[in-house]
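# Architecture and fold: a report
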Amino acid sequence: MTSLTGSSILVCGASGVLGGEIARLLSAAGARLVLTGRDRDQLEALELPGITLPADLSDPSTPDTLVQRTLEAYGTLDGIVNASGVVAFGAASEVSEDTLETLFAVNTLAPMRLLRAAIAPLTASAEAGREPFILTLSGVVSEVPTANMAAYSASKAGLAAWTKATGRELRRAGVRVLDARPGHTETGLVSRALEGTAPKLAPGLDPVFVARRIVAAIVGGERDLPSAAFTEPSAG
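Residues numbered from 1 in each chain as written. Predicted model: local features only at pLDDT ≥ 70, side-chain atom pairs only at ≥ 80, totals over all residues. Heavy atoms only, no water.

### A few points about the overall build of the protein chain
Short version of the rule: In this text, helices come from DSSP runs of H or I with a minimum length of four residues, and strands from runs of E with a minimum of two, each type numbered from the N-terminal end. We compute the radius of gyration over the C-alpha atoms and compare it with the globule rule, which gives 2.2 Å times the number of residues raised to the power 0.38. Type-normalised accessible area, obtained with a 1.4 Å probe on protein chains alone, sets the label of each residue: buried when under 20%, exposed when over 50%, and partly exposed for intermediate values. Only heavy atoms enter the contact rule, under which two residues are in contact if any of them lie within 4.5 Å. Each accessible area is a Shrake-Rupley result for a 1.4 Å probe, and residues are judged covered by the shown protein chains and nothing else. The charged-residue count follows a simple rule in which Lys and Arg add positive charge and Asp and Glu add negative charge, with His and chain termini not counted at all. We put the charge of a Lys on NZ, of an Arg on CZ, of an Asp on CG and of a Glu on CD.
For the protein chain, the helix and strand inventory stands at 6 helices and 7 strands. The order of α-helices and β-strands along the protein chain, N terminus first, is β-α-β-α-β-α-β-α-β-α-β-α-β. Its C-alpha atoms give the protein chain a radius of gyration of 17 Å, near enough to 18 Å, the size a compact globule of 236 residues would have. Taking the principal axes of its C-alpha atoms as reference, the protein chain extends roughly 50 × 45 × 35 Å. Taken over 236 residues, the protein chain has a buried fraction of 47%. Within the protein chain, residue pairs in contact and separated by at least 24 positions form 66% of the contacts whose partners lie at least 6 positions apart. Of the roughly 10,800 Å² that the protein chain leaves accessible, carbon and sulfur atoms contribute 52%. Of the charged side chains in the protein chain, 20 are positive and 25 negative; the average position of the first set lies 7 Å away from that of the second.

Pasting the structure below:
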């Protein structure tokens, strides 16, 4: 079991619905948070203790800044939750260059840069006897690439492959790398697509349920959360 009490955790994408829910649960468990996202108002609306830091993960310099600010605030970095992400729809042959670049900058490159920036403090956390982790959210499309979402699926599949490989690399250092792949979740992200219109989707998962499952996996020491791990209990 991983204790969150007193741990310092950087939550990227905390201004989103799912990131905000995860942040609430981490705070309730006693974690000290740095909350980041694009929307300052949404971050402040969480009304959680900790550091609020609006940031744009598509900027290559942002990960280094976020890690440094976390260390300045708390002296340690014990975990990263990357709940940031963007989506786009449309045929692979029609997705614009700008959209391709933004999809991969936010969904794929930003998590890579975050870990690169954080590897030294996360390793130091492990050496101090804590149980550091980094959690990514590649989603179900990394398991099942979807037509008319090819570019988005590819950006998330790249993230999933990177997470799996780095998890193996960092196991001996005591840093846990965990990828979560929930199915479509009712966060409103599809209505904020960079490009295109979402296909008709079945009702999605409850973000509160998804957040609870993710935090339970962090506490429970899990190393992989496939889509099958997100089965909501029946109402009956």
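### Observations regarding the pattern of salt bridges
Where charged atoms of side chains with opposite charge meet at close range, the side chains can pair. The following threshold applies: By definition here, a salt bridge exists when the distance from a side-chain nitrogen of Lys or Arg to a carboxyl oxygen of Asp or Glu is within 4 Å.
Per the stated rule, a full pass over the model turns up 8 salt bridges. Its salt-bridge partner being Arg 24, residue Glu 21 comes within 3.4 Å of it at the nearest N-O pair. In this pair, Glu 21 and Arg 24 are both assigned in helix 1 (residues 17-28), 3 residues apart and thus about one turn of the helix distant. Notably, a salt bridge pairs Glu 222 with Arg 213, separated by 3.0 Å at the nearest N-O pair. Salt bridges linked by common partners bring Glu 143, Asp 179, Arg 181 and Asp 224 together as one network.

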